[in-house]
Amino acid sequence: MSTQNSAIVAPGVAVSRARRGTTLAFLGVLSFSGSFPATVFAMRGFDPWLVAIGRAALAAVIALICLRAAGVPLLPPRRLWRSYALISLGVVFGFPVFSGLALAMGAGTAHSAVVIGLLPAATAAFAVLRAGERPRPLFWVACTAGAVAITAFTFTRTGGATAAWADLLLVAALLSAAVGYTEGGRLARSVPGWQVISYALVLSLPVTLPVTVVLSATTPVLWSGEAVAGFAYVGLISMFLGFIPWYAGLAQGGIARAGQTQLTQPLLTLVWAWVLLGERFGWVTVAAALAVLVCVALTQRART
């Protein structure tokens, strides 16, 4: 009897866990959706390199405080350093630097957000390679459709070589993030999400802190309310707090499946770009964002 009951209960528990994971992942996406507008605000007062590296240094200080307050070791086990190095390369350095430089080169916030919509497909691919997940065929069909929609969208943009380089930087940013998300989600299966991002930030501190100090002394700084607010957002929310529900969601809902909630990020960022920056965008941008939103609904039906 007990065996039968566990067979009946287990699927329900699995579904509940997957839904909880998807909800947590969406909270992370909601936090990340304000990153591009906040970066634009921050770069109105600070050098793009300072914004990209300094945000990680700020987040690392907060991470150290949290680790100390929780009474856990300030460094992860040595056997996991390679994994944390991959996370650092992906989300501490890669994504902030590449996306920040793309925005500095003139890539609009709305355009950048839609291009980054390819990130869930890239994350799913890395989840197969690194985390051993095996989504169903419908999942890949929906991912491919979303990728095709965004690829087509990038070809609608004019701007010559500068625009092309900015789009390449955005692609580098999304690939970096996909690596960091996959490795972090894999570790979060056995380590709390907040510790995963904390350790990645702390291990990066010997690089981020001195670079931040040097850039602060050698690059122009214009202190303003919007620049400070933007920097605070990307440092506290985008670089630290947002990763807590995000990694927990990936661990509980599956990296490939829960990661598809990020397909909603382009639409959310479009709203922030319109409300906060007054940025205007045409029907092609909205259509591309809606296309990937449809894809997220399909991927959520294709359970891993």
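Starting from 1, residues in each chain are numbered consecutively following that chain's sequence as written. Given that the model is predicted, a residue must reach a pLDDT of at least 70 before its local features are reported, and side-chain atom pairs must reach 80 or more before they are shown or counted; all residues, however, enter totals for whole chains, interfaces and linings. Side-chain numbers here rest on the full set of heavy atoms in the structure, without hydrogens or water.

Before going further, it helps to examine the overall build of the protein chain. Numbered from the N terminus, helices here are DSSP runs of H or I no shorter than four residues, and strands are runs of E no shorter than two. Each helix and strand in the protein chain was counted, giving 14 helices and 0 strands. In sequence order, the secondary structure elements of the protein chain are arranged as α-α-α-α-α-α-α-α-α-α-α-α-α-α. Only protein chains enter the accessibility calculation, which uses a 1.4 Å probe. A residue is then buried if its area is under 20% of the maximum for its type, exposed if over 50%, and partly exposed in between. Per-residue burial for the protein chain yields a buried fraction of 52% across its 304 residues. Residue burial considers only the protein chains on display, and all accessible areas are found by Shrake-Rupley using a 1.4 Å probe. If you sum the accessible surface of the protein chain, you get close to 13400 Å²; carbon and sulfur atoms cover 70% of it.

Attention now moves to the environment of Gly-282. Structurally, Gly-282 can be placed in the loop between α13 (265-277) and α14 (283-301). The exposure class assigned to Gly-282 is partly exposed, which follows from its relative accessible area of 41%. Sequence-wise, Gly-282 and Ala-110 are 172 residues apart; in three dimensions their C-alpha atoms are separated by 10.0 Å.

On to the nonpolar core. Membership of the largest hydrophobic core comes to 67 residues, with the highest contact counts inside it found for Tyr-84, Tyr-181, Leu-201, Phe-243, Trp-246 and Tyr-247. With 9 residues, helix α8 (residues 160-187) is the largest single contributor of residues to this core. The contact rule is simple, with two residues in contact once any of their heavy atoms fall within 4.5 Å. When sequence neighbours within four positions are dropped, the list of residues in contact with Tyr-247 reads Ile-87, Val-91, Gly-180, Tyr-181, Gly-184, Gly-185, Ala-188, Gly-193, Val-196 and Ile-197. Throughout, nonpolar core names a set of buried Ala, Val, Leu, Ile, Met, Phe, Trp, Tyr and Cys residues whose side chains join them through atoms within 4.5 Å.

Attention now goes to a nonpolar patch on the surface. Like-charged residues are merged into a patch within 9 Å and nonpolar side chains (Val, Leu, Ile, Met, Phe, Trp, Tyr) within 5 Å, provided each residue has over 30% relative accessible area and no salt bridge. By salt bridge we mean one thing: a side-chain nitrogen of Lys or Arg within 4 Å of a carboxyl oxygen of Asp or Glu. Judged by side-chain polarity, Phe-26, Leu-27, Leu-30, Val-271, Trp-272, Trp-274, Val-275 and Leu-276 come together as a nonpolar surface patch covering roughly 740 Å² of accessible area. Of all the elements in the fold, those that place two or more residues in the nonpolar patch are α1 (2-32) and α13. Sorting elements by how many residues they give to the nonpolar patch places α13 first, with 5 residues. Mapped onto the elements, Trp-274 comes out in helix α13.

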